[in-house]
Structure formats: C-alpha cells, structure tokens
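Here is what each chain is made of, one letter per residue.
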Amino acid sequence: MRLCRHLLVLFLMYHLSLASKYDDLFDNEFAEFEDFDAEEDVISNENSPETDFKESSQENVQSDDEQDVVIDDDDSEFEHFQDVEEFEGFETKDEKPVTEPKITITKVPIHFRANWDSYWLEILMVAGLVVYFINFVTGKSKNTKIANVWLQTHRQLLEDNFSLVGDDGALEKNENVGFIKESENVFTLWCSGRTCCEGMLVELKLIKRQDLVAILSGMMRPTLDQVHIKVTMNKEDMDNFVFCVASKKTSLHLSKEMADLSVYCPERRPGDKHNIPASFNVMSEISEATSAMLDSKVVAVLNKFTDLVDYIHFSDQYSGPKQQEDTGVLKLPDNQKVLMFGFNMPLKGVSLEEAMNQLKPLLIMVFYCMEKVKKYRLSKEGKAKADKNRQRVEEAFLKSTHQARAEAAAARREERRRQEKEKVMADEDPERQRRWEEKEQKRQAKKRAPKMKQLKVKAL
C-alpha cells in the first residue's frame, strides 16, 4: 500500500510539472531551450521511491557478486613505476646514490714485437726509401766511374788533336778540367783548338742507374750507355751535302725527327748495297758523296764494330729536330755544318777498362772523317744538284709562309703609321697636322679605288 501511495503522488507531480511547462511555452520564447536544464534538475533532485528501490536492488546484487568477483583497482596498473628495481640508475630522494667501485688499471708497456702486423705499411715505405737511397748512391757512383774511366782512356788521344780539352768556361786555363756533370747520368766535355772545326762536344748519355724507376722500366725496355760526339765544322771546310748511316731503328727515328734528313734524304736504303752490314740503313742526298764517305777504312770499321756504331750523320743543313708547322716561324732556321757520331758502350761481360779500349778505334775514325770531309769537294753536277735542292726547299718555305709574312708586313706598316700619327698629333703645329690628314685621305682613296690593268697596243 505504501508503494502504491508513493507512485500515485509521483504521477500527480509529474502531470503538474508538465502543465506548468506548457503554460510557460507561450510566455517565454526560450522555454524550449531551458527544458533540458529543468529535466536534469528534476532528475537529480527528486528522491522517488522508485529510484530508491533501484539503488537498493543494485546494492543487493553487488553484495552477492562480491563473494565471487574481485574488482581490480585501476591504480595497480602503474605500480611498476614506483618499483625502484625496474629502472637502472634511478635514484630516489630518500635513498642514497650507489657509487660504482673504482677500478685501477695498471699501465703495462706494449711490446712492438707482438704487434708488427699493425705496421706493415710503414715497414714497406721505410724499406722502399732505404732501397731507393742505396740504389741512388750506387748508381751515381757507377756513372761517375764510367765517365772518369772513359776520359782517362781517351785523354791522350784528345790532347793530341786539340789544344784545349775540357773547357769549363773559366778565363783561367785549368789542366785538370774533366767532364761537366749535367745530371747524374749525363756528362759533357768540350774540346777546341784544331783546324777545320770550331770545336767538338763529347756527351756521355748513360743509363739512369741512380733512378730505381728507370731501372725497373729498363727491364721491360732495355737501353744502352752511349757516347754522342758532335763536331762543328767551319763553313769553308765542308761542302754542301747530307749523309747518314744508322741502324734500322735509329734511322727510322732520325728520318722522322731531324729536319735535314726528312727534307733532303727521306729515302732509306739497305746497307748491304754499300758493302756494309744489312743492319744499317743509308740515307744520302747525293750518291757521289755516299761513295766518297763510305771508303774502305770506314767500311772496315762498320763491319768490325757493327754493334758499337749507332749512327754517323754528316750535314751542312743541320738545324736540330723538326719544328711544328704551326709555330709561326717566318724565316728559315740557322743551319750548321756538323759531323755527328753515336756509339754504344760494350759494358756487359767485360771490365770498364777493356770496354773503353774497344771504343778507341771509333774515336780515331771520328778524326779521320773530319780530315776527309775537309778535303772532299763535290763535282760540278753534284754541286749543281745540291744548290738546286736547297733553292727548292727555300722556295717551298717562302710559299708556305707567304700569307703569314704578308700579314706581318701589314702589321709593321700599320704600326709605323700609328707612331707617325702620334708624333704629328703631339706636335702643336696645326698646318702640319692638316697636311698629314690630307696625305692620309689621298692614300685611303687610292687604296679604295679599283685596280685597272694597262694594256699596251703596238702601233701599226
């Protein structure tokens, strides 16, 4: 009965509240928005028997379930954050910091013998430098010894043919002057004071024994120690001809590199046609000069010392290596009358003294050729042929450089006019400036005028 009574009172109150709200809708335009707030207040403030009944029923159910179900607390989910052992090195304010024990390391010296593998690159570099230094010292001393032995062997022969052996350029004459060291493997000796020549230059080009890299490259491409002799003849003591005898490899190089051989005697003929070994090639401008130079004595030396003779080169048009065409040279180079010889040194398998004694006959042949060239003269036909060849070369050179020479001449004329104009303008005489301007205008008008050819007509 009590429950029914409470429900009836609740029903009446609910209808009264709806009626009051319906009346307020016509008076208040914003009543429909306030309705939500009112409902929340009513639900929260009323203590009806029905809500009490629901709450009591829920408490009974909860009390029954507590015996079987254990409810987890949400705070237990983060309990591991409060555990000190979960974090290493984490210190709380209450706990004292834990200090690590101090470890003392004893310094023990490292023995290099136990770690040689770590220094293999340094060891190789030091070993390479030591080997290079030892090779440099030994190679340098050996080249110097070869030069000294050659000079000792040939000094008496040189002094018999020249009044001055070993000129070092000093004003005072020194009897003990020897080779001049150009580098560790190149030595030069100048001799002068003889008829028919201005002087003789002896040059020893030895193997680069002081250079380890050159020694290694020489194993792949062997080279030889050589003696190069250059005799500069007087202009009146040598006739006009070009002649060369050389080994096949050297002749190919000379015909391509030397200007006189490439122009005057580009053809290479085998040496067996001139009674010399077939390993030589002969290049000659005039055939009669070839037979004159290759007489019985020279042929005997070439046959006996075939391996020692590299080349023999006589020329009145010697100007050195060939110049490039685009160098802009506007005149023929200065030529010299020279006798050039190249000999190989036989240093393998024999002592130095014995090897130098084998070279003595070749130096004697050099003096023989000097006297022979001094006495030799071409025939009329040979001289005419030589002069014709030189005139042909000069004309070809002038023709090839005509355009360049014309441009150079025009540039020189323009430079002279510019200097003349500057000189006239620097003068304060207006009359002189006027006359120069009139002269220049006439010259320009004459230059622009068309060129007319004059025809000569014979009178009847």
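Residues numbered from 1 in each chain as written. Predicted model: local features only at pLDDT ≥ 70, side-chain atom pairs only at ≥ 80, totals over all residues. Heavy atoms only, no water.

Caption draft 1: Just the overall build of the protein, in detail. Of regular secondary structure, the protein possesses 13 helices and 10 strands. Per-residue burial over the protein gives 30% buried out of 460 residues. A fraction of 68% describes how many contacts in the protein between residues 6 or more apart in sequence connect residues 24 or more apart. Summing over all exposed atoms, the protein offers an accessible surface of approximately 34100 Å²; the carbon and sulfur share of this is 55%. (Helix = DSSP H or I, 4+ residues; strand = E, 2+ residues; numbered from the N terminus. Buried < 20%, exposed > 50% of the residue type's maximum accessible area, 1.4 Å probe, protein only. Contact = heavy atoms within 4.5 Å. Areas by Shrake-Rupley, 256 points an atom, 1.4 Å probe, with all protein chains shown as cover.)

Caption draft 2: Looking closely at the pairing of strand β9 (residues 309-318). Burial runs high along β9: 10 of the 10 residues are buried. Relative to β9, strand β6 (residues 242-247) runs antiparallel, the two being bridged by five bridges. Each bridged residue has a counterpart across the sheet, and for Val 242 the counterpart in β9 is Ser 315. Here β9 runs beside strand β10 (residues 336-344); their pairing, made up of seven bridges, is antiparallel. Looking across to β10, one finds that Tyr 318 is bridged to Gln 336. (Pairing = 2+ DSSP bridges.)

Caption draft 3: Expanded view of the packing of aromatic side chains. Considering all chains together, one arrives at seven aromatic pairs under this definition. Judged by centre distance (5.9 Å) and plane angle (90°), the ring pair of Phe 241 and Tyr 376 falls under edge-to-face. Placement of Phe 241 in the loop between β5 (226-233) and β6 and of Tyr 376 in the loop between α10 (352-375) and α11 (380-400) is noted, with a sequence separation of 135 residues between them. Take Phe 241 and Tyr 376: they sit in the same class, and that class is buried. Every member of this aromatic cluster is reached through a ring pair, and the members are Phe 243, Phe 314, Phe 341 and Phe 343. The lysine or arginine in question, Arg 390, covers the ring of Tyr 264, its NZ or CZ lying 5.0 Å from the ring centre. (Phe/Tyr/Trp six-rings, centres within 6.5 Å; stacked < 30°, edge-to-face > 60°. Lys NZ or Arg CZ within 6 Å of the ring centre and 35° of its normal.)

Caption draft 4: Expanded view of helix α6 (residues 248-257). The complete set of buried residues in α6 reads Thr 250, Ser 251, Leu 254 and Ser 255. End-on, the buried residues of α6 take up no more than an arc of 130°, which puts them together on one face. Counted as exposed and oriented over 90 degrees from the buried face of α6: Lys 249 and Lys 256. Buried residues belonging to α6 abut β6, α7 (259-264), β8 (280-284) and β9. (Arc of directions from axis to C-beta.)

Caption draft 5: Representation of the pairing of strand β3 (residues 186-192) within the structure. Of all seven residues in β3, six are buried, a share of seventy percent or more. Of the strand pairs in this sheet, strand β1 (residues 164-165) and β3 are connected by two bridges, and their pairing is antiparallel. Of the residues in β3, the one forming a bridge with Leu 164 is Ser 192. Pairing of strand β2 (residues 180-181) with β3 involves two bridges; the strand directions are antiparallel. Looking across to β3, one finds that Lys 181 is bridged to Phe 187. In textbook terms, the turn of a hairpin is the stretch between consecutive antiparallel strands, and for β2 and β3 this stretch comprises four residues. Strand direction decides the pairing type here: β3 and strand β4 (residues 197-205), joined by six bridges, are antiparallel.

Caption draft 6: Molecular detail of the environment of Gly 382. Tracing the chain through its elements places Gly 382 in helix α11. With a relative accessible area of 4%, Gly 382 lands in the buried category. Residues Gly 382 and Ile 286, spaced 96 residues apart in sequence, show a C-alpha to C-alpha distance of 6.7 Å. Not counting residues within four places of it along the chain, the set of residues in contact with Gly 382 comprises Ile 286 and Glu 288.

Caption draft 7: Spatial organisation of α10. An ideal rise of 1.5 Å per residue puts 34 Å on 24 residues; α10 measures up with 36 Å between its terminal C-alpha atoms. Considering bend angle alone, the principal kink of α10 is centred on Lys 360 and spans about 25°; proline Pro 361 follows within four residues of it. Every buried residue of α10 is listed here: Leu 352, Ala 355, Met 356, Leu 359, Leu 362, Leu 363, Met 365, Val 366, Phe 367, Cys 369, Met 370 and Val 373. (Expected span 1.5 Å × (residues − 1). Bend = angle between axes of the 7 residues up to and from the residue.)

Caption draft 8: Fine view of the side chain of Asn 135. Inspection of the secondary structure assignment puts Asn 135 in helix α4 (residues 120-161). Residue classification places Asn 135 among the buried positions, given a relative accessible area of 17%. Non-local contacts of Asn 135, meaning those with residues more than four positions away in its chain, are made with Arg 209, Gln 210, Asp 211, Leu 212 and Ile 215.

Caption draft 9: A look at the pattern of salt bridges. Applying the stated criterion across every chain, the model contains nine salt bridges. Connected via shared salt-bridge partners are Glu 285, Asp 316 and Arg 390. (Salt bridge = Lys/Arg side-chain N within 4 Å of Asp/Glu carboxyl O.)

Caption draft 10: Quick peek at the confidence of the model for the protein. Residues at a pLDDT of 70 or more form 72% of the protein, whose mean pLDDT is 78. Scored below 50 in pLDDT, residues 29-57 shows 12 contacts in the model against residues more than four places distant or in partner chains. Segment residues 59-72: pLDDT under 50, and zero contacts once partners within four positions in sequence are set aside and those in other chains are kept. (pLDDT = per-residue confidence, 0-100.)

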